[in-house]
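Below, each chain spelled out in residue letters.
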Amino acid sequence: MIYIVRFLKFLTSFILATLVAGLGVAATYAVKWGRELPDYRELDNLTRSLGSETRIFARDNTPLGALIPRVGDQAISRTIVTLDEITPFMTAALISNEDRRFFEHYGLDPYGLGRQVQRVARGDSVQGGSTLTNQLVKNTLLLDEYQQARTPDRKFKEWILSVQVERSFTKSEILQNYLNTIYWGDGGPVELYGIYSAAQAYFRTTPKNLTLAQSAYLTTLVPNAGRYFRYQEVRPLMRVLLTRMVEDGWITQAQMDAAWREKLQPRGWRISYDASGNVTRADLVDETQKELKAVVTTRAPHFTRQVEQELVRRFGRDAVYGSGGLRVYTTLDPKVQTAVETASREASGLPPGATLGATIINPYTGEVLGMIGQKLRGTEPPADWNNAAQGQRQIGSTIKPLLYTTALSTGLDQTHREEDRPVSFPCTGCKNGVYEPKNFEGATTYRDMTIREALDRSLNLVTVRLADRIGLQTFFGKIRQLDLQTNDGTGLAAALGAVETTPVKMAAAYAPFVNGGLYREPRYITRVTDARGAVLYDVNSEPLRPRRVWTPQIAWLGLDMIRGVVNDLSERQGGLASRAKFGEWPVAGKTGTSNGPKDFWFVGTTPLYTGAVWVGRQQGGEMPTYYYSGYVNAPIWRRMMELAHEGQVMRQFSEPPGIQYVDAPDQQFLPEVKVAVLDRNYRDAANTDVQSDAPPPVQYRETTFRPADDPDTLMVSLDRTTNRLATEFTPPENIVQRRVQLEDLPGYAPDESPVPLKDETPDPAALKAARGQSGAAQGVPAPATR
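Rules behind the numbers
- Residues numbered from 1 in each chain as written.
- Predicted model: local features only at pLDDT ≥ 70, side-chain atom pairs only at ≥ 80, totals over all residues.
- Heavy atoms only, no water.
- Helix = DSSP H or I, 4+ residues; strand = E, 2+ residues; numbered from the N terminus.
- Buried < 20%, exposed > 50% of the residue type's maximum accessible area, 1.4 Å probe, protein only.
- Contact = heavy atoms within 4.5 Å.
- Areas by Shrake-Rupley, 256 points an atom, 1.4 Å probe, with all protein chains shown as cover.
- Phe/Tyr/Trp six-rings, centres within 6.5 Å; stacked < 30°, edge-to-face > 60°.
- Lys NZ or Arg CZ within 6 Å of the ring centre and 35° of its normal.
- Axes fitted to C-alpha atoms, helices over the stretch in contact; angles between N-to-C directions.
- Parallel < 35°, antiparallel > 145°, perpendicular 65-115°, else oblique.
- Left-handed = near helix turned anticlockwise from the far one by under 90°.
- Nonpolar A, V, L, I, M, F, W, Y, C, P; charged D, E, K, R; others polar.
- pLDDT = per-residue confidence, 0-100.
- Pairing = 2+ DSSP bridges.
- Core = buried A, V, L, I, M, F, W, Y, C linked by side-chain atoms within 4.5 Å.
- Lys, Arg positive; Asp, Glu negative; His and termini not counted.
- Salt bridge = Lys/Arg side-chain N within 4 Å of Asp/Glu carboxyl O.

## Observations concerning the overall build of the protein
Counting its secondary structure elements, the protein contains 22 helices and 32 strands. Evaluated residue by residue, the protein yields a buried proportion of 53% over its 786 residues. In the protein, of all internal contacts separated by at least 6 residues, the share reaching a separation of at least 24 is 72%. Carbon and sulfur atoms make up 51% of the accessible area of the protein, which amounts to about 35,100 Å² in all.

Pasting the structure below:
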């Protein structure tokens, strides 16, 4: 008996010790696991950070499309919605199917756990038992752990976090988060997460508009999205679910019967039913019908991709594709976008095999209002490549107004004359060591002319002489301010358009003509918020300072010149851009054609909008020589502009102070044309300095190069504001050195001064010591361009 008592004491002590030890171990692990628990208060943030679509809107808040987030290499289609945006049928079906005691438990369902204990005791496999809260915790707070190998502590963490979540969030918040995180299957290029993506993929509707039958169908896919491929298996599960919903009081029997008889057609399936709702035939005809694109765009795909690139540059790829959920408000004007698309679709005079790129911007803000990167053909979706913003193409003669305006900013005016005669330039990289530009089709007038007329006719010989006069570095410095990149080795060919850029950048480069001389980088975004509405970027809070390129007066002079290109000459007189005119709106612009010809251009502006149109072959290559940019591009530009201007109050260009008008000197060629010049009181507006490292200006005669020691030339001091000989009244900062022909010297006499007599001309021999060294601008060959 004594031994039995001792044994019982020992056994009791052993059991107690084991329990204490077990409790100690359990407490240790509990403390350890408790320290490893994620912060349950981050549930809302995690729900959003798991990836949701970045939605893009036009300036009037109409949707343009969405950018799909990525988790690793997988695109995730998910858009956050609130419970108010989900039909009650969906939430009711989910609760009846997944967690019938959802509103009665606090994260853990004792009845569900008891049923699982019984199944284990019987040797059955474990099924179900998890509450909606458990599943939400697994899909958010413990997502990383559930994607790795199974560990004993996961269930403990899940239970603790579920209780914490239930204490801190309402049942509605838990339901909303759950519905936004459920996996609903393969959507082709993307994985489907959340009720919004499921409704879109399977029924092309919104969660708010799901029917009872559709809600029941989607709910049966929650445990196993692969059931989509087995509709005959899904159908009885739907009946069980609908019956449960009646039992739970969510719907009536009549609603159940109506839902059962609904002829449900998930995307990709063709299903036949009898009058009672039974399936008579079900065929999976095309599973790709439920696929969603990785970039879902309702319109303006080329513009949307530019927005995408800007978002990545500003916020990083992770913010755009990883967490997503941004709301992006853009500069796109739907009316202007429609105008550009219509002009592209209607364009019928393109060379064979050619496409196009076109854009319209607001010249006063730099906002891109409309863009199309391809020729649109009927209802076919355009190719991905965006010729308006991606294609770097030679710009031809559209660069000339920038050169001529730079010349005006150094003190010349539109009445300045240059020779339209053949000329050659020493060039180490050119054939025979000589660069010999030619006019378009080789036509040459063999006379002096004003630069106004030369630009009207787009004469290359006058243009290269003008570029040489002001110096290439002066010109390059100016166009770099307009974000046009040059290669100094290009030489004088750059003055004829041997520079590559895009239509968007060319439109931005012309905007200073109309806005008073300010360059603004093209922009696509005005405001960005996160999914909660917190502002991440607002252009009004972070305004970009424009860059002053021209004074308002010089910008006006340049505008006056390109107005002349459109209006001075009729088409029969050789006018290059008269086809760009529409209605009563003032129009200014310039055509351009690159070598080959390969690239056709028109860039122009009205007081309201600035736009550019490029036409060419996608992969490059020459086009027929009988096509001209004035015939091809100008009508496309006109069409998109006239549509964009419909309903707008007509206005005129805004002229700054300090402008006067004089008769064009060549009245026989430009009858009744008056040209803008600077008022003498505003001569300081011509404030561009010729750069010191520029080659000294060189005068040429016929095709003979004039060296520095040519006895027929003379280095003189000119007043940059008048292009005449400097006097004692000329401010030192306005004096520039120029080499002129002795026989032309009388034409440089100061204003209101007597013209020097022939015998008053200085003896060339006596002036040899004063002659400076002349340099020759280098260049690579460039074609005649218009």
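Having seen the model, we can carry on.
## Focus: unusual backbone geometry
The linkage connecting Gly596 with the following residue, Pro597, adopts the cis geometry, with an omega of 5 degrees. Relative to the helices and strands, Pro597 resides in the loop between strand S23 (588–593) and strand S24 (599–605). Look at Tyr446: it is not a glycine, yet its phi comes out positive at around 60 degrees. Among the secondary structure elements, Tyr446 is positioned in the loop between strand S16 (434–435) and strand S17 (447–450). Classification of Tyr446 as partly exposed rests on a relative accessible area of 46%.

## What to know about the packing of aromatic side chains
Each pair of aromatic rings is reported with the distance of its centres and the angle of its planes. Overall, the coordinates contain 16 aromatic pairs when judged by the stated rule. For the pair Tyr183 and Tyr193, a centre-to-centre distance of 5.1 Å together with 55 degrees between the ring planes defines the contact as tilted. Here Tyr193 lies in strand S6 (residues 190–193) and Tyr183 lies in strand S5 (residues 183–186), a separation of 10 residues in the sequence. Residue Tyr193 is classed as partly exposed on the basis of its relative accessible area, which comes to 26%. Here the aromatic residues Tyr202, Phe203, Tyr217, Tyr228, Phe229, Tyr231 and Trp269 are joined through ring pairs into a cluster of three or more. One residue, Arg235, lies across the ring of Trp260, its end atom 3.9 Å from the ring centre. Positioned above the aromatic ring of Tyr228, the side-chain terminus of Lys290 is 4.9 Å from the ring centre.

## Some remarks on the packing of helix H16 (residues 400–409) against helix H18 (residues 460–470)
Here H16 crosses H18 at 45 degrees, and the two axes come no closer than 10 Å. One element, H16, and the other, H18, form an angle in the oblique class. In this structure, the crossing between H16 and H18 has a hand that is left-handed. Residues Lys400, Leu403, Tyr404, Thr406 and Ala407 of H16 lie in contact with H18, whose contacting residues are Asn460, Val462, Thr463, Leu466, Ala467 and Ile470. Taken together, the residues that form the contact of H16 with H18 break down as 7 nonpolar, 3 polar and 1 charged.

## Some details on helix H19 (residues 472–481)
Of all the 10 residues making up H19, 7 are buried; the element is thus mostly covered by neighbouring parts of the structure. Three or more residues of H19 are buried, namely Leu472, Gln473, Thr474, Phe475, Phe476, Lys478 and Ile479. Here the buried face of H19 lies against H16 and H18. Following H19 by one or two positions, Asp483 has its phi on the positive side, about 60 degrees.

## Observations concerning the packing of helix H15 (residues 334–346) against helix H22 (residues 629–645)
At a minimum axis distance of 8 Å, the contact between H15 and H22 shows a crossing angle of 150 degrees. Taken together, the axes of H15 and H22 are roughly antiparallel relative to one another. In the crossing of H15 with H22, the sense of the turn from one axis to the other is right-handed. Contact residues: H15 offers Lys335, Val336, Ala339, Val340, Thr342, Ala343 and Glu346, while H22 offers Ile636, Arg639, Met640, Leu643, Ala644 and His645.

## Thoughts on the confidence of the model for the protein
Considering every residue of the protein, the mean pLDDT works out to 81; 74% of them sit at 70 or more. Low pLDDT, under 50, characterises residues 20–33; the stretch is placed with 5 contacts to residues that sit more than four places away or in other chains. Low confidence marks residues 752–784, where pLDDT is under 50. Its contacts with residues over four positions away, or in another chain, come to 71 contacts.

## Topic: the pairing of strand S25 (residues 610–617)
Most of S25 sits inside the fold, with 7 of its 8 residues counted as buried. Taken together, the 8 bridges between strand S11 (residues 354–361) and S25 define a ladder with antiparallel strand orientation. Each residue of the ladder has a partner; that of Ile361, found in S25, is Thr610. Relative to S25, S24 runs antiparallel, the two sharing 7 bridges. Bridge pairing in S25 links Gly604 to Gly611. Hairpin connection between S24 and S25: a loop of 4 residues separates the two successive antiparallel strands.

## What about the nonpolar core?
Counting residues in hydrophobic clusters, the biggest one holds 125 residues, and the most contacted among them are Leu402, Tyr404, Tyr435, Tyr524, Val615, Trp637 and Met640. Setting aside chain neighbours within four positions, we find Trp637 in contact with Ala580, Phe582, Val587, Phe602, Gly604, Thr605, Thr606, Gly611, Ala612 and Val613. Listed in part, the 53 residues of the second largest apolar core include Leu132, Trp184, Tyr228 and Ala282.

## Regarding the side chain of Asp420
By the element assignment, Asp420 lies in strand S14 (residues 417–420). Buried Asp420, no salt bridge; nearest opposite-charge side chain is Arg465, N-O distance 6.2 Å. Apart from residues lying up to four places away in sequence, Asp420 is in contact with Asn439, Thr444, Thr445, Tyr446, Arg447, Met449, Leu459, Leu461 and Val462.

## Notes on the pattern of salt bridges
Evaluation of the coordinates by the stated rule reveals 25 salt bridges. Here Glu367 ties to Arg59 by a salt bridge, and the two come within 3.3 Å at their closest N and O atoms. With Glu367 in the loop between S11 and strand S12 (368–372) and Arg59 in the loop between strand S1 (54–57) and strand S2 (63–67), this residue pair connects regions lying 308 residues apart in the sequence. Between Glu453 and Arg447 there is a salt bridge, with its nearest N and O atoms 2.4 Å apart. In this structure Arg447 comes out as buried when scored by relative accessible area, which is 19%. Among the ionic contacts, a cluster of salt bridges with common partners joins Arg452, Asp560, Arg563 and Asp568.

## A closer look at the sheet that holds S12
Read from one edge of the open sheet, 5 strands run S12-S11-S25-S24-S23, paired in antiparallel fashion. Pairing within the sheet leaves two strands with one partner each, and these edge strands are S12 and S23. Across the sheet, the mean angle from the axis of one strand to that of its neighbour is 10 degrees, orientation sign disregarded. In the sheet, S11 pairs with S12 via 4 bridges, with the strands oriented antiparallel. If you follow Ile361 over to S12, its bridge partner there is Val368. This element, helix H20 (residues 503–515), spans S11, S12, S23, S24 and S25 of the sheet and lies at about 150 degrees to S25.

## A look at the pairing of S24
The element S24 is largely enclosed, with a buried count of 7 among its 7 residues. The alternating pattern of S24 places Asp599, Trp601, Val603 and Thr605 and Phe600, Phe602 and Gly604 on opposite faces, both of which are buried. Sheet analysis places S23 next to S24, joined by 6 bridges and oriented antiparallel. What sits directly across from Thr593, in S24, is Phe600. Adjacent in sequence and paired antiparallel, S23 and S24 are bridged by 5 residues, among which Gly596 carries a positive phi angle near 135 degrees.

## Quick notes on the environment of His416
Position of His416 among the secondary structure elements: in the loop between H16 and S14. Along the chain, His416 and Pro665 lie 249 residues apart, while their C-alpha atoms are 9.7 Å from each other.

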